[in-house]
Amino acid sequence: MSAFTLSRRVSQAGFSPNAAASQRAKQLKAQGRDILDLTIGEPDFETPDHIKAAAVQALANGDTRYTPTLGTAALRAAISAKLARENQLNFPPAQIAVGNGAKQVIFNAFAATLDPGHEVIIPAPFYPSFPEMVSLNDGKPVIVPTRAEDGFKLTRASLEAAITPRTRWLVINSPSNPSGAVYGRDDLLMLAEVLRAHPQVLLLLDEVYEHILFTDTPPPHFLHVAQDLVERVLVVNGVSKTYAMTGWRVGYGAGPAALIQAMGVIQVQSTSGASSISQAAAVTALGGDQSFVKERTAAYRARRNILVKGLTAIEGIELQPPEGGLFVFSSCKGLLGKSTPDGKKIATDEDFVEYLLESAGVAGIAGSGYGLPGHFRLSIAASTESVSVASARIADAVARLS
Ligand SMILES: Cc1ncc(COP(=O)(O)O)c(C=O)c1O
């Protein structure tokens, strides 16, 4: 018997489909299997040298002490300048919170605002941490499925039907992990109209894939179509994806001063400020040379095109080409009910993903983990060659189903 009992929070927490699938792929690789790992949304590029150099310089300068809880003055100023320059948004440093990744910022926002019974609307497919973070903070995730026909975006009817007097937040992640959906002007206008009728609802915009965009013109920012709602919006972003800095753990939120202060109350009692060295590096990331961002997005786009073309040609697989983000999210519903060469039935998306792993050595993640069964997610944050070979191997594996 265990010497302790787990808290209700932890006992009810779900698993991370990303972590489980990526661990499995790593285990098989370690056993010598030839596995193409398309599970994780982590840029395969290195953090650029000039950003690393800023961290080395920070160390040499003795920049090794606690920082203010909500971030160094230099980083909050750099974020404020980034939001003004790239997004034409006006958030002074006092309205900016720096956390250990966008994840902590989102967690703190929920911890600072949710009481038992509060609901948070999360469109599916979703980033699995959203509902888990809501539950861990005593809120109730309200999952609203979206359809491929609607570009995996909320419709007015589905959003209106989900809102209740207890709704506290709506979470929009655009470009989306996992679907690649990007909310355009009309979608944003619709969200704004619905939200205006429900003043109890705050809007969390997760923009971590902002720069990994495959459309020719970026959509307007929500706050440009609904500046009147600025007091109800938390903009969340970070350096993990754009600057290939996943391990540095720096993310940020920009929003109403009272919310930011409340998030600081949570953070000061959990982690205090993010790493001093990482914050110094993030100042350089946000304010320094940006040319590599476009180059890397072009590489992601090329891989996305390879995968979209390859998968679209496979009978039984259907997809909406992603407009942004690091993933291709496809339906495998047309393959359910088929049998593998050794007689196993493919009854679910999980069976299909397992089959791809075992028979083709391609590791992806089942859509069930993102709240949308019958689908699977493949990452384009892997080398162009891996993506290309994976596509051919999947075609071959599907052809062997009967
Ligand atoms: C939608 C979304 N938000 C947030 C994060 C976490 O970002 P960070 O590394 O800044 O915590 C991820 C990472 O996969 C993500 O996909």
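Preceding this paragraph is the structure being described.
Note that the coordinates shown come from a computational prediction; the quantities given were computed from them, not determined experimentally.

Further remarks concern the overall build of the chain. In terms of helices and strands, the chain carries 14 helices and 13 strands. Against the compact-globule benchmark of 21 Å for 402 residues, the chain has a radius of gyration of 21 Å, which places it among compact chains. In terms of overall dimensions, the chain has a C-alpha envelope of 60 × 60 × 55 Å along the principal axes. Counting the 402 residues in the chain, one finds 54% classified as buried. Taking the intrachain contacts of the chain between residues at least 6 apart in sequence as the baseline, contacts between residues at least 24 apart amount to 73%. Of the roughly 17,100 Å² of accessible surface on the chain, a fraction of 54% belongs to carbon and sulfur atoms. If the 36 positive side-chain charges of the chain are averaged to one point and the 37 negative ones to another, these points end up 2 Å apart.

Bringing the nonpolar core into the picture now. If you look at the biggest cluster of nonpolar residues, it comprises 62 residues, and the most contacted ones within it are Phe-110, Trp-169 and Phe-352. The next biggest cluster of nonpolar side chains, apart from the first, holds 50 residues, and it includes Leu-170, Leu-191, Ala-226 and Trp-248.

So, on to the site of the ligand. Neighbouring residues of the ligand: Gly-101, Ala-102, Lys-103, Tyr-127, Asn-173, Asn-177, Asp-206, Val-208, Tyr-209, Ser-240, Lys-241 and Arg-249. A distance of 2.7 Å separates an oxygen atom of the ligand from a polar atom in the backbone of Ala-102. Lys-241 is positioned with one of its side-chain polar atoms (N or O) 2.8 Å from an oxygen atom of the ligand. Grouping the constituent residues of the shell around the ligand by class yields four nonpolar, four polar and four charged.

Turning next to the packing of aromatic side chains. We describe a pair of aromatic rings using the distance from one ring centre to the other and the angle between the two ring planes. Applying the stated criterion to the full structure yields eight aromatic pairs. With centroids separated by 6.0 Å and ring planes inclined at 80°, the aromatic side chains of Tyr-209 and Phe-327 adopt a geometry described as edge-to-face. In this pair, Tyr-209 sits in the loop between strand 6 (202–206) and helix 9 (222–225) while Phe-327 sits in strand 10 (residues 327–331), placing the two residues 118 residues apart along the sequence. Take Tyr-209: its relative accessible area is 3%, and that puts it in the buried class. Here Phe-352 and Phe-376 contribute two aromatic rings whose centre-to-centre distance is 5.2 Å and whose plane-to-plane angle is 70°, an arrangement assigned as edge-to-face. With Phe-352 in helix 13 (residues 349–360) and Phe-376 in strand 13 (residues 375–379), the pair connects residues that are 24 residues apart, well separated along the chain. We note that Phe-352, like Phe-376, is buried. Site record: aromatic cluster; members linked through ring pairs are Phe-152, Phe-329 and Tyr-370.

For the rest of this paragraph, the subject is the sheet that holds strand 2 (residues 96–99). One open sheet accounts for seven strands, arranged 2-8-7-6-5-3-4; its pairing is mixed. Edge strands, defined here as strands with exactly one partner in the open sheet, are strand 2 and strand 4 (140–145). Taken pair by pair, the neighbouring strands of this sheet meet at an average axis angle of 20°, ignoring direction. Examined bridge by bridge, strand 7 (residues 233–238) and strand 8 (residues 251–254) share four bridges and lie antiparallel to one another.

With five of five residues buried, strand 10 lies mostly within the body of the structure. The side-chain alternation of strand 10 yields two buried faces, one formed by Phe-327, Phe-329 and Ser-331 and the other by Val-328 and Ser-330. Summarising the sheet, strand 9 (residues 318–319) and strand 10 pair through two bridges and their orientation is antiparallel. Across the sheet, the residue bridging to Leu-319 is Ser-330, located in strand 10.

Adjacent strands of a sheet pair through backbone hydrogen bonds, lying either parallel or antiparallel. Strand order in the open sheet made by the four strands is 9-10-13-12, with antiparallel pairing throughout. Of all strands in the sheet, those with a lone pairing partner are strand 9 and strand 12 (365–366), marking the two edges. The pairing of strand 12 with strand 13 spans two bridges and is antiparallel. Of the residues in strand 13, the one forming a bridge with Ile-365 is Arg-377. Sitting on the sheet, helix 12 (residues 291–312) is in contact with strand 9, strand 10 and strand 13, with an inclination near 10° to strand 10.

This brings us to a nonpolar patch on the surface. A cluster of nonpolar side chains, Phe-4, Leu-6 and Val-10, forms an exposed patch at the surface whose accessible area comes to about 320 Å². Overall, the relative accessible area of 53% leaves Leu-6 in the exposed class.

Cut-offs applied
Residues numbered from 1 in each chain as written. Predicted model: local features only at pLDDT ≥ 70, side-chain atom pairs only at ≥ 80, totals over all residues. Heavy atoms only, no water. Helix = DSSP H or I, 4+ residues; strand = E, 2+ residues; numbered from the N terminus. Rg over C-alpha atoms; globule rule 2.2 N^0.38 Å. Buried < 20%, exposed > 50% of the residue type's maximum accessible area, 1.4 Å probe, protein only. Contact = heavy atoms within 4.5 Å. Areas by Shrake-Rupley, 256 points an atom, 1.4 Å probe, with all protein chains shown as cover. Lys, Arg positive; Asp, Glu negative; His and termini not counted. Charge placed at Lys NZ, Arg CZ, Asp CG, Glu CD. Core = buried A, V, L, I, M, F, W, Y, C linked by side-chain atoms within 4.5 Å. Near = heavy atom within 4 Å. Polar contact = N/O pair within 3.5 Å; in protein donor to acceptor, adjacent residues only side chain to side chain. Nonpolar A, V, L, I, M, F, W, Y, C, P; charged D, E, K, R; others polar. Phe/Tyr/Trp six-rings, centres within 6.5 Å; stacked < 30°, edge-to-face > 60°. Pairing = 2+ DSSP bridges. Axes fitted to C-alpha atoms, helices over the stretch in contact; angles between N-to-C directions. Patch = residues over 30% accessible without salt bridge, like charges linked within 9 Å, V, L, I, M, F, W, Y side chains within 5 Å. Salt bridge = Lys/Arg side-chain N within 4 Å of Asp/Glu carboxyl O.

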